[in-house]
4 protein chains.
Amino acid sequence: MSDLAERRKEMMNSLMRDSVYAAAVEILTNQGVDGLTMDRVAETAGVAKGSLYNYFASKRDLINFIYGKTMEPTTLIFDEAMANHGSASEKLEGILRRWFEYFATNRGIFDFLFKNSRISDVAEEYKQSCRTKGIADLTVIFEQGIAEGTFRPVNALRAAEVLLGAVIVSTEQQLSTDEHRPAEEWTNTLLDLLLNGLKP
Amino acid sequence: MSDLAERRKEMMNSLMRDSVYAAAVEILTNQGVDGLTMDRVAETAGVAKGSLYNYFASKRDLINFIYGKTMEPTTLIFDEAMANHGSASEKLEGILRRWFEYFATNRGIFDFLFKNSRISDVAEEYKQSCRTKGIADLTVIFEQGIAEGTFRPVNALRAAEVLLGAVIVSTEQQLSTDEHRPAEEWTNTLLDLLLNGLKP
Amino acid sequence: MSDLAERRKEMMNSLMRDSVYAAAVEILTNQGVDGLTMDRVAETAGVAKGSLYNYFASKRDLINFIYGKTMEPTTLIFDEAMANHGSASEKLEGILRRWFEYFATNRGIFDFLFKNSRISDVAEEYKQSCRTKGIADLTVIFEQGIAEGTFRPVNALRAAEVLLGAVIVSTEQQLSTDEHRPAEEWTNTLLDLLLNGLKP
Amino acid sequence: MSDLAERRKEMMNSLMRDSVYAAAVEILTNQGVDGLTMDRVAETAGVAKGSLYNYFASKRDLINFIYGKTMEPTTLIFDEAMANHGSASEKLEGILRRWFEYFATNRGIFDFLFKNSRISDVAEEYKQSCRTKGIADLTVIFEQGIAEGTFRPVNALRAAEVLLGAVIVSTEQQLSTDEHRPAEEWTNTLLDLLLNGLKP
DNA sequence: TATGAATGAGGGTTCATTCAT
DNA sequence: TATGAATGAACCCTCATTCAT
């Protein structure tokens, strides 16, 4: 096959997967996880059910793709923060703000990812790996802060878990209560608590 | 029916439900949530499938029972802490220590509750309500601390979310990495971070 | 066993069956045929499910009993009419009037017997035998009328079918439209049609 | 999809439904209504159980189809008679004759429709509606006859019930006794009874 | 490659019947 | 004899996957 044809094919493939992704997100948003059948995905995406299997080896594979594509931006947030040349505090602030902003503009997907997290084992693994990566990144940042002298010499790993936990739980809580917190205020509150602690 | 017979019957009933609980936990541990079919529960519990329906009105009901029975001790931890007459810090310490201790001695169940938390909508609701209760309790404690003057006048609700998030995520993380942290050290680290913050 | 004991036993047996009959009629009236489970019959009758099987060999047997007991009065209507020493016309009138009166005072049971006739094969057979008996009786009456010279020498069997069909269908129709026709008027209309025909 | 393909698909669909119809009728004939399970229908039709659900949304739907397909010709008989420009007597004669002829050539189906008419609530409703329509049509005919002066001014509705009842019961009776009455003779007998009455 | 009908294992649930107490 | 928990076959229905076209 010529290089051109190959590239064309790859593009078609990518187009298809994107279209399926959109369909899946729509279904998940409207009907919840139990509504995500291959039939409905195919119908919503406007393709034949059989065709799905030309692009996804299995439903498991499809869900994996959805999960990955959805989480991609959040891992990017971390990646970019890590690549920046700023202080630990600045990095933290950047991560929090961008996370909360992304969340604010993508509530529907988050609803599926968090509240209805009963997707499949593969997604669970993926979620776990995202969390582990997030903790690792945060740990690095905290270690940087400690090295900089900005932070006390605490257990950086524990601090990372605390922060990620705070972010996740407050995000989920916001989803379940249908609140809409401004990313700015949210970021500041969290950072203040984390940096200054509770003691006067 | 005589009082004795009634009590006997109630005991048999309880025995059955416990036996089903054990079977369900075993299945969840070994095969994950998708493996939890009524057929398998019955087989594992060593009863006929139809018999399950003499004790649980539906699968939904059964899952509810499992979740409730598993979560019961954790809500007790909060209830008892709230009932104590101690300072906010003491209450926090009590909750954390007892939580981590309970966790340390019941990893199996947590494995199912957290890692495989994708059970059913009803369990999801239950989980959510536990979380909301936890946050409410913690909020009260933080408000008490603020009133006492022990804590800065922060947003108590946010602080509660931070702490619960920290507890949950660090618990999950410990599960996924197969670590075994001493409850004592864990409690102290978390409290130190929370109370003193990161800044030197 | 003494004669007394035997009679006592028989009476208990009869009492039980009557009580079950009442329960079954109540269920059929309120919940329809699909609601007639052995569980519900036992519960409504206030006995243990297992006890039912001491009085009825099977559900089939129970339904048979219900059907028979319900139809009994209607067959009595025919029996008594046949035993009377009146003209054919008087017999016909008696049958119709008493049938329609019995119907008027027992709509609930008829609802179950006619509209929800999907009971069981055994009941179907019973119903068929009732119908056959009714036709036989009516045939005799028509033959009597022909012999008396009151009726034309028509095919008595066909005439019997016509009358029984008229009765059944008009009864069912009345059930389905929730009408309440006076037995008197109904009887007269039917007799007039049957005796005088449509031609002027 | 091309027009051809669409038509082809529709034909396949129709073929499948017909094949399922045949299977259902066979089961109903041999095993009665309680034998009509989706499993057996699928097996008898030589398709997988799941495939049934590609053509019928539910068992209820399937039964509806069976009933409708079976009753269709009988409602046609009425429709055509009503459309004719004849006297009331001619219409009556036409209906009776064609009904009895249809019956004579389709005993198998009638066996299921009448003797085993205990199918499902939905079919019961259907049956009821057929009967109601029949009565309405006959009522119109009788009213026409009365207006023409051919019939006495009787209650047309009751007369309709009488005739439909006569038809139904004599049909059922014939089924249960395995008789074979010639449609001609049958029609004439019924008409004679109806028009001239019993009195000499 | 695209299609969508066919598949059939497996889902939760019901209920007539049995039997140890 | 009375009980009611236990049974398990059978029910209707779903849906991921396959494969002939």
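Read on for a plain summary of the structure. (Residues numbered from 1 in each chain as written. Chains lettered and ligands numbered in written order. Predicted model: local features only at pLDDT ≥ 70, side-chain atom pairs only at ≥ 80, totals over all residues. Heavy atoms only, no water.)

## Points about the overall build of chain A
Helix and strand counts for chain A stand at nine helices and zero strands. Listed by position from the N terminus, the elements making up chain A come as α-α-α-α-α-α-α-α-α. Buried residues in chain A amount to 51% of all 200 residues. Of the contacts formed within chain A by residues at least 6 apart in sequence, a portion of 67% connects residues at least 24 apart. Counting only carbon and sulfur atoms, one obtains 52% of the accessible surface of chain A, whose full area is about 9100 Å². (Helix = DSSP H or I, 4+ residues; strand = E, 2+ residues; numbered from the N terminus. Buried < 20%, exposed > 50% of the residue type's maximum accessible area, 1.4 Å probe, protein only. Contact = heavy atoms within 4.5 Å. Areas by Shrake-Rupley, 256 points an atom, 1.4 Å probe, with all protein chains shown as cover.)

## Digging into the pattern of salt bridges
Taken as a whole and assessed by the stated rule, the structure comprises 36 salt bridges over all chains. The shortest N-O distance in the salt bridge between Lys-49 of chain A and Asp-39 of chain A comes to 2.9 Å. Separated by ten residues along the polypeptide, Lys-49 of chain A in helix H3 (residues 49-55) and Asp-39 of chain A in helix H2 (residues 38-45) bring together distant segments of the chain. In this structure Lys-49 of chain A comes out as partly exposed when scored by relative accessible area, which is 39%. For Asp-39 of chain A, a relative accessible area of 45% puts it in the partly exposed group. Arg-181 of chain C serves as the salt-bridge partner of Glu-161 of chain D, at 2.6 Å between the closest nitrogen and oxygen. Of this pair, Glu-161 of chain D sits in helix H8 (residues 156-177) while Arg-181 of chain C sits in the loop between helix H8 (156-177) and helix H9 (183-196), on two different chains. For the pair Glu-161 of chain D and Arg-181 of chain C, one class covers both residues: buried. If you follow the salt bridges from partner to partner, you end up with Asp-79, Lys-133 and Asp-137 of chain A in one network. (Salt bridge = Lys/Arg side-chain N within 4 Å of Asp/Glu carboxyl O.)

## A closer look at helix H2 (residues 38-45) of chain C
Residue and element names in this part refer to chain C. Listed as buried for H2 are Met-38, Val-41, Ala-42 and Ala-45. In an axial view of H2, the angular spread of the buried residues amounts to 95°, which keeps them on one side of the axis. In this structure, the buried residues of H2 make contact with helix H1 (3-31), helix H3 (49-55) and helix H4 (59-83). (Arc of directions from axis to C-beta.)

## Examining H4 of chain C
Relative to the 36 Å expected for 25 residues at 1.5 Å per residue, H4 of chain C spans 35 Å between its end C-alpha atoms, a close match to the ideal helical length. At Glu-72 of chain C, H4 of chain C is deflected by roughly 40°, the largest bend along its length, and proline Pro-73 of chain C occurs up to four residues later in sequence. (Expected span 1.5 Å × (residues − 1). Bend = angle between axes of the 7 residues up to and from the residue.)

## Notes on the interface of chain B and chain A
Every contact between the two is made by 47 residues of chain B and, on the other side, 48 residues of chain A. Here chain B packs against chain A, burying approximately 4200 Å² in sum over the two surfaces, 54% of which is carbon and sulfur. On inspection of chain B and its partner chain A, the count reaches four salt bridges. Inspection of the region where chain B meets chain A yields six residue pairs in polar contact (both at pLDDT 80 or more). Ranked by residues supplied to the side of chain B that touches chain A, first place goes to helix H8 (residues 156-177) of chain B with 13 residues. In terms of residue class, the side of chain B that touches chain A is made up of 18 nonpolar, 15 polar and 14 charged. (Buried area = accessible area lost by both parts, 1.4 Å probe. Polar contact = N/O pair within 3.5 Å; in protein donor to acceptor, adjacent residues only side chain to side chain. Nonpolar A, V, L, I, M, F, W, Y, C, P; charged D, E, K, R; others polar.)

## Some remarks on the interface of chain D and chain C
Facing the 46 residues of chain D at the interface are 48 residues of chain C. In this structure, the connection of chain D to chain C is made through four salt bridges. Sorting the residues of the side of chain D that touches chain C by element identifies helix H7 (121-148), H8 and helix H9 (183-196) of chain D as the ones contributing at least two each. A total of 13 residues in the side of chain D that touches chain C trace back to one element, the largest contributor, which is H8 of chain D. Residue composition of the side of chain D that touches chain C, grouped by class: 18 nonpolar, 14 polar and 14 charged.

## Remarks on the relation of the copies chain D and chain C
With an axial shift of 0.1 Å and an RMSD of 0.9 Å, the rotation relating chain D to chain C amounts to 176°. Viewed as a symmetry operation, the transformation between the two copies matches a two-fold axis. (Least-squares fit on C-alpha atoms with pLDDT ≥ 70 in both.)

## Describing the protein's contact with DNA strand E
Around DNA strand E lies a shell of 29 residues, among which Thr-37, Lys-49 and Lys-59 of chain B, Lys-59 of chain C together with Tyr-55 of chain D are the nearest. The share of sugar and phosphate among atoms of DNA strand E within 4 Å of the protein is 60%. A distance of 2.6 Å separates a base oxygen of DNA strand E from a polar atom in the side chain of Lys-49 of chain B. Mapped onto the surface near DNA strand E, the elements with two or more residues apiece are H3 of chain A, helix H2 (38-45) and helix H3 (49-55) of chain B, H3 of chain C together with helix H3 (49-55) of chain D. The class makeup of the residues in the surface near DNA strand E is ten nonpolar, eleven polar and eight charged. (Near = heavy atom within 4 Å.)

## As for the packing of aromatic side chains
Enumeration over the complete set of coordinates arrives at 16 aromatic pairs over all chains. On the basis of an interplanar angle of 50° and a centroid distance of 5.9 Å, the ring pair of Phe-142 of chain B and Phe-151 of chain B is categorised as tilted. Per residue, the accessibility class of Phe-142 of chain B equals that of Phe-151 of chain B, and both read buried. Ring centres 6.4 Å apart and planes at 90° place the aromatic pair Tyr-21 of chain C and Phe-65 of chain C in the edge-to-face group. With a gap of 44 residues between them, Tyr-21 of chain C in helix H1 and Phe-65 of chain C in helix H4 connect regions that are remote in the sequence. In this pair, the class of Tyr-21 of chain C matches that of Phe-65 of chain C, namely buried. Here the aromatic residues Tyr-21, Phe-56 and Phe-65 of chain A are joined through ring pairs into a cluster of three or more. For Arg-17 of chain B, the ring lying beneath its charged end belongs to Phe-65 of chain B, and the centroid distance is 4.5 Å. Directly above the ring of Trp-186 of chain D sits Arg-181 of chain D, whose terminal nitrogen or CZ lies 5.2 Å from the centroid. (Phe/Tyr/Trp six-rings, centres within 6.5 Å; stacked < 30°, edge-to-face > 60°. Lys NZ or Arg CZ within 6 Å of the ring centre and 35° of its normal.)

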